[in-house]
Each structure stands twice: as structure tokens, then as C-alpha cells.
Amino acid sequence: MSVRMPEPDSAVLSRREKIVATLRSIVPGEGVIAGEREMKPFESDGLTAYRQLPMVVVLPETTSQVAAVLRYCHDEGIRVVPRGAGTSLSGGALPLADGVLLGMAKFNKIREIDFENRVAVVEPGVTNLAVTTAVAHAGFYYAPDPSSQIACTIGGNVAENSGGVHCLKYGMTTNNVLGCEIVLMTGEVVRLGGKQLDAAGYDLLGLITGSEGLLGVVTEVTVRILQKPETARAVLVGFPSSEDAGACVSAIIGAGIIPGGMEMMDRPAVAAVEEFVHAGYPLDVEALLIVELDGPAAEVDHLIERVEAIARDNRAVSCKVSTSEEQRLLFWAGRKAAFPAVGRISPDYYCMDGTIPRAALPRVLARMKEMSEKFGLRVANVFHAGDGNLHPLILYDANVAGELDRAEQFGAEILKLCVEVGGVLTGEHGVGVEKRDLMPAMFSETDLNAQQRVKCAFDAKGLLNPGKVFPVLHRCAELGRMHVSGGQLPFPDIPRF
């Protein structure tokens, strides 16, 4: 389906023409896209159930151009939505019909690799995997590795605080970013952190990481690169139930073992992945764990023995240890292909993202089975099991009336359950528009107001990525205080299909 922009009146049309002309003077050549057909690729991100053509798309190439665009939009009261590669699964890059879409794809250069200080300085449009590729020849890599790493960009990773299969041991994006250059909505350029391990003053870098494009636009990132471990081996462990696999996850962590990665898939996901990738996954199990141990060879051998013993104690029915680097990579290739593989068994699926305490995994899995029956929709589960980050894939058919609605209701119930058991609404996909109206399930009005005061301090006019994260928008008064008597700003319309 497609969305046509409403026919504007003459006043709006002239204003749009003026905006387009001004942006073309700032970003000349092919840097501004204003045709309806040409803007189609930007109408949604990875949450494709929601689409909206932007007013205009601008693709700057330099920090000075970004600053000039934002300064102009700030002075004219024009809303701006930043966009990386568009792989966000929460609608974080959903455009606005009356807003400028600021695409950062042309910021795609690696500016510096400093092996002595173990950092790389990159532009936000550099893909996640490109960082590892650029340093692999020297035995280094970039640790955060989302499943979309071949396409997702570092700027988007910073915006969403992305994780990946190895975040259990090596941390999320926030643990691997040392510095950022950001442009504020006013056009001011600010540098936070750098090559040093710590910076004086407030931890504004920690504030920017995971801020979903609401505080500023990132134009440069300094990331930590790590030396590859001496040895890495992966273990495939099959279980007769998802609850047994969940109990094994808790037992491994409880034993003081921190794997390089620990992922879990249930039977539907395993079957889809094996047919797609042929990774050697067992098809006669209800749940599969992939546990990777890395470090010195002697340590890895010892830890594998301990993991196998723990697995047996938790009713494991199969266990396969990788015997070569090629086989280890094949095990992971299956897991990283889980999302496209599941797309082969259902016309559509809704990818959820929530995080729970590890000990609650068996309880949550049992409840999700009940929800699946309640809503009449299948679910394939893929988890970053080690850190409790769940990615249930709710299978539905958008061509069947009511199925998308049921899928969204199912997803909302899962996220509320995550909060109920002591978890959070998101692990790495962000809030965006998807979970915006669920925020009161986790935060009180006082909590949300305190968070929005931070937004107001960076963007007093509320022009940067509005309509995302916060269920209610407020006007900002001086010094970032809430202007309670000033009423609420209207929410941007969010068309859904």
C-alpha cells in the first residue's frame, strides 16, 4: 500500500517551495530530494506497518551542512527527523508529512584507525560490519554485532544503543563508544569524549547514546576496537523444552561463566533457520542454545566442559561443539539469519524487543505460549538469552483483516509482561513510535517529565524527532522546565497500514 501526501493549500505549497529552495542552497547538487516518487524509499524504516512520506529529504555530506540545515529549521520552526540506514524496528526514523528527513547515508567514511589507542574514528553512515572489516587484518574487531550489522550504521547504533550476540560479555554500544561529535537543533556543534577512556564533567556521552535522535544529530563517532581472542568455540545445545533452555541460561551465568555470546531459539525459529542456512542445527529439539566461549585455548576447553555438564544437569538432549573456525561461524550465521529465515514461513512478522531478568525466562516463555493461543497467532522466539533480551517474532498476515491489530495487541501484552517481571520495554530497538504509548506502563508521569526536561534542555522547541518516545509532548519553558500551564503540543499523525 502507499500513502499520498495530502494536497496542500497555496500558502503551505509556497512555504514548502521556499524550504526546498533554501535546503538546496545549503546542500547543492543531488543533496535534496523533493519528488513524491523519489522520496518513497524513505517513507518507513524497519517497522513497515507505519509509513509516511516526508515533506522533503536532505542528504548532507559535511558537519557544516548538517549544522546549517538544523539552524535554518530551528529558526523557521521546521521539524526534523534524522535517519541512518532505516533499519530501526521501532519506527524511530518514521518521517513527518510536515518535516524534513535528514539522511546521514553520505557520512560513510572511516576517518582514522588508531591501533595504539585501540580506537577507530568513523562517520555515522559507516555500517557496523565495515568497522570490523577495516581492522580485521590487524587482528582487531568491533564488538557490538546486531543481526543487521551488514546494513545498520554506527550512527543508528548510537541512537538506539544497539547490542548483538556478543553484548553479554563485551557490552552494548554505550560500552564501546568513547566519543561523539553532535550537532544540536540550534546548529551548534558539540564534541563529547574522545580517544581517552574517560572524560571530565557530566556523562553527556552516555546521555546521547540511546537518545533515539531526540537530542542531537551525530556526525562523528569514536569507537573502541578489541583484539580478537586467541580461541573461540561455539556449543549447540538442544533441549526438550524452552523452559529447560531458559533454566540452563540462568545456571550458566549463576556458575560464574560469562560466555562471549549466548543465544536461544525455539523450535519454529530453529526449523526456519536450518532450512535457510543449513547450519547443522538439530531439528528434534524444542529449544536450542548457542553458547560461545572465548579466550586462551586452555580456558576455553575448561569452560566448554563446565557448560556441557551444566547443560546435562538441565536436561539437555544434544550437544555439539564447533571443531573449526568455519563451523563456529556457520553456527552464528544461522542465528544472524533468523529474521530473514522466519520471513520464509510467514507473509509478515512483528519483531518485538523487551528485556527481562534471566531467572524470569521460563515464566515468560510459558506466558507467551498462553498469549499465542489467546490471540490465535504463532510466535517464533529468538533471544539474546545471556542478557535477557527477548525478540519474539509474532507471525501474521497483513492481508487478513484484523491480524495486524491482533499482532500489535499480542506484542503489547509481551512488553507489559516484561515490565511485570522486573524487566524493561526495550533492550536495543528503542521506543520510537512502537512503544511510545506503553511508556506509562514502566514510568510514572513524574519520571517521564524528568526525562523530557532533558529533551527540553537540548531542543527547547521540540523540533527534533518529535512524536517519538514520549506518550505526551509538553512545551518547554526557560531553563528546560516543564511549562505545565502551556498545554500540550499536538502529536504528529502516524499513518498505519
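For every chain, the first residue of its written sequence is number 1, and the numbers climb from 1 along that sequence. Reporting of local features is limited, given that this is a predicted model, to residues whose pLDDT is at least 70; pairs of side-chain atoms are given and counted only at 80 or more, and all residues count toward the totals for whole chains, interfaces and linings. Hydrogens and waters are ignored; side-chain quantities use all the structure's heavy atoms.

Assigned secondary structure in the chain consists of 15 helices and 19 strands. In terms of C-alpha radius of gyration, the chain reaches 23 Å, essentially the compact-globule figure of 23 Å for 497 residues. With the principal axes as the frame, the chain shows a C-alpha extent of 70 × 55 × 45 Å. Across the 497 residues that make up the chain, the buried fraction comes to 55%. Helix numbering and strand numbering both begin at the N terminus, where a helix is a DSSP run of H or I of at least 4 residues and a strand a DSSP run of E of at least 2. The globule rule is 2.2 Å times the number of residues to the power 0.38, and the radius of gyration it is compared with is taken over C-alpha atoms. Per-residue accessibility, obtained with a 1.4 Å probe over protein chains only, is compared with the maximum for each type, and a residue is labelled buried under 20%, exposed over 50%, and partly exposed between these values.

Summarising the element assignment, Asn 314 is placed in the loop between helix 10 (297–313) and strand 15 (318–321). Accessibility expressed as a relative area gives 15% for Asn 314, which makes it buried. Discounting chain neighbours no more than four positions away, the residues touching Asn 314 are Phe 239, Asp 244, Ala 247, Cys 248 and Ala 251. In what follows, a contact means two residues having at least one pair of non-hydrogen atoms within 4.5 Å.

The aromatic pairing rule takes the rings of Phe, Tyr and Trp, using the six-membered ring of Trp, and pairs them if the centres are within 6.5 Å, calling planes under 30 degrees apart stacked, those over 60 edge-to-face and the rest tilted. Summed over all chains, the structure comprises 4 aromatic pairs. When the ring of Phe 115 is compared with that of Phe 140, the centres are 5.2 Å apart and the planes differ by 45°; the resulting orientation is tilted. In this pair, Phe 115 is assigned in the loop between strand 5 (110–114) and strand 6 (119–122) and Phe 140 in strand 7 (residues 140–141), connecting sequence segments 25 residues apart. Take Phe 115: its relative accessible area is 29%, and that puts it in the partly exposed class. Ring geometry for Phe 375 against Phe 410: centres 5.4 Å apart, planes inclined by 15°, an arrangement best described as stacked. In this pair, Phe 375 is assigned in helix 13 (residues 361–375) and Phe 410 in helix 14 (residues 403–420), connecting sequence segments 35 residues apart. For the pair formed by Phe 375 and Phe 410, the shared burial category is buried.

To summarise the sheet geometry, strands pair through backbone hydrogen bonds and adopt either a parallel or an antiparallel arrangement. The mixed open sheet is built from 4 strands, whose spatial order is 1-2-4-3. A strand with exactly one partner marks an edge of an open sheet, and here the two such strands are strand 1 (32–33) and strand 3 (79–83). Of the strand pairs in this sheet, strand 2 (residues 56–58) and strand 4 (residues 99–103) are connected by 3 bridges, and their pairing is parallel. By the bridge assignment, Val 57 is partnered in strand 4 with Leu 101. Here an axis means a line fitted to C-alpha atoms, over the contact stretch when the element is a helix, while the angle between two N-to-C directions is reported on a 0 to 180 degree scale. Strands strand 2, strand 3 and strand 4 of the sheet are contacted by helix 3 (residues 63–76), whose axis makes an angle of about 170° with strand 4. If DSSP finds at least two bridges between two strands, the strands pair.

By definition, a salt bridge exists where a carboxyl oxygen of Asp or Glu is found within 4 Å of a side-chain nitrogen of Lys or Arg. Using the criterion set out here, one finds 27 salt bridges in the structure. Arg 328 is the salt-bridge partner of Glu 325, the closest N and O atoms lying 2.6 Å from each other. Here the residue Glu 325 and the residue Arg 328 both occupy positions in helix 11 (residues 325–336), the gap between them amounting to 3 residues, near one helical turn. Take Arg 328: its relative accessible area is 10%, and that puts it in the buried class. Across the pair Arg 406 and Glu 403 runs a salt bridge, and its minimum N-O distance is 3.9 Å. With Arg 406 and Glu 403 both in helix 14, this residue pair falls 3 residues apart, about one helical turn.

With that settled, consider the sheet that holds strand 5. Taking strand neighbours across the sheet as the criterion, the 5 strands line up as 5-6-10-8-9 in an open arrangement whose pairing is antiparallel. Of all strands in the sheet, those with a lone pairing partner are strand 5 and strand 9 (189–193), marking the two edges. Each strand axis lies, on average, 10° off the axis of its neighbour in the sheet, ignoring direction. Where strand 5 lies against strand 6, 4 bridges are found, and the strand directions are antiparallel. Bridge pairing in strand 6 links Ile 110 to Val 122. Running over the sheet, helix 3 touches strand 5, strand 8 (177–183), strand 9 and strand 10 (217–224) and is turned about 50° from strand 8. On the sheet, helix 4 (residues 128–135) packs against strand 5, strand 6 and strand 10 and is oriented at approximately 45° with respect to strand 5.

Two distance rules govern patches: like charges are joined within 9 Å, and nonpolar side chains (Val, Leu, Ile, Met, Phe, Trp, Tyr) within 5 Å, applied only to residues with over 30% relative accessible area and no salt bridge. Accessible areas in this description were obtained via Shrake-Rupley with a 1.4 Å probe; residue shielding takes into account the shown protein chains only. Taken together, the side chains of Tyr 202, Leu 204 and Leu 207 define a hydrophobic patch exposed on the protein surface, amounting to about 330 Å² of accessible area. Among the secondary structure elements, Leu 204 is positioned in helix 7 (residues 204–208).

What follows is about helix 4. Along helix 4, the positions that sit buried rather than exposed are Asn 128, Val 131, Thr 132 and Val 135. Taken end-on, helix 4 shows its buried residues confined to a sector of 95°, consistent with a single buried face. Tucked into the core, helix 4 has its buried residues touching strand 5, strand 6, strand 7, helix 5 (154–160) and strand 10. Picture the helix axis, draw a direction to every C-beta atom, and the arc is the one those directions span.

Below, the discussion takes up the nonpolar core. Put simply, a nonpolar core is a bunch of buried Ala, Val, Leu, Ile, Met, Phe, Trp, Tyr and Cys residues held in one set by side-chain atoms that sit within 4.5 Å of each other. If you look at the biggest cluster of nonpolar residues, it comprises 85 residues, and the most contacted ones within it are Val 221, Met 264, Leu 289, Leu 293 and Ile 394. Broken down by element, the residue count for this core peaks at 9 residues, all from helix 14. Once residues within four sequence positions are removed from consideration, Val 221 is found in contact with Ala 120, Val 121, Val 122, Ile 154, Val 158, Val 177, Gly 179 and Cys 180. With 27 residues, the next largest nonpolar core counts Ile 19, Leu 70, Ile 78 and Leu 102 among its residues.

For the rest of this paragraph, the subject is the pairing of strand 8. When you tally the buried positions in strand 8, you get 7 out of 7 residues, the bulk of the element. Pairing analysis gives 6 bridges linking strand 8 to strand 10, with the strands arranged antiparallel. Bridge assignment links Cys 180 to a residue of strand 10, and that residue is Val 221. Here strand 8 runs beside strand 9; their pairing, made up of 5 bridges, is antiparallel. In the sheet register, Glu 181 faces strand 9, and the bridge partner there is Arg 191. Taken together, strand 8 and the strand that follows it, strand 9, pair antiparallel across an intervening segment of 5 residues, in which Gly 187 is found at a positive phi of about 95°.

By the element assignment, Phe 443 lies in the loop between helix 14 and helix 15 (445–458). Sequence-distant contacts of Phe 443, that is, excluding residues within four places in its chain, are made with Leu 448 and Gln 451.

Turning our attention to the confidence of the model for the chain. When pLDDT is averaged along the chain, the result is 91, and 93% of the positions lie at 70 or above. The score called pLDDT rates the predictor's confidence residue by residue, from a low of 0 to a high of 100. The low-confidence segment residues 478–490, where pLDDT is below 50, has 21 contacts with residues more than four positions distant or belonging to other chains.

The next thing to look at is the pairing of strand 10. On a regular strand, one side chain projects to one face of the sheet and the next to the other, so that they alternate. In terms of burial, strand 10 is largely enclosed, as 7 of its 8 residues are buried. Across 4 bridges, the pairing between strand 6 and strand 10 is antiparallel. Note that in strand 10 the partner of Val 121 across the bridge is Thr 222.

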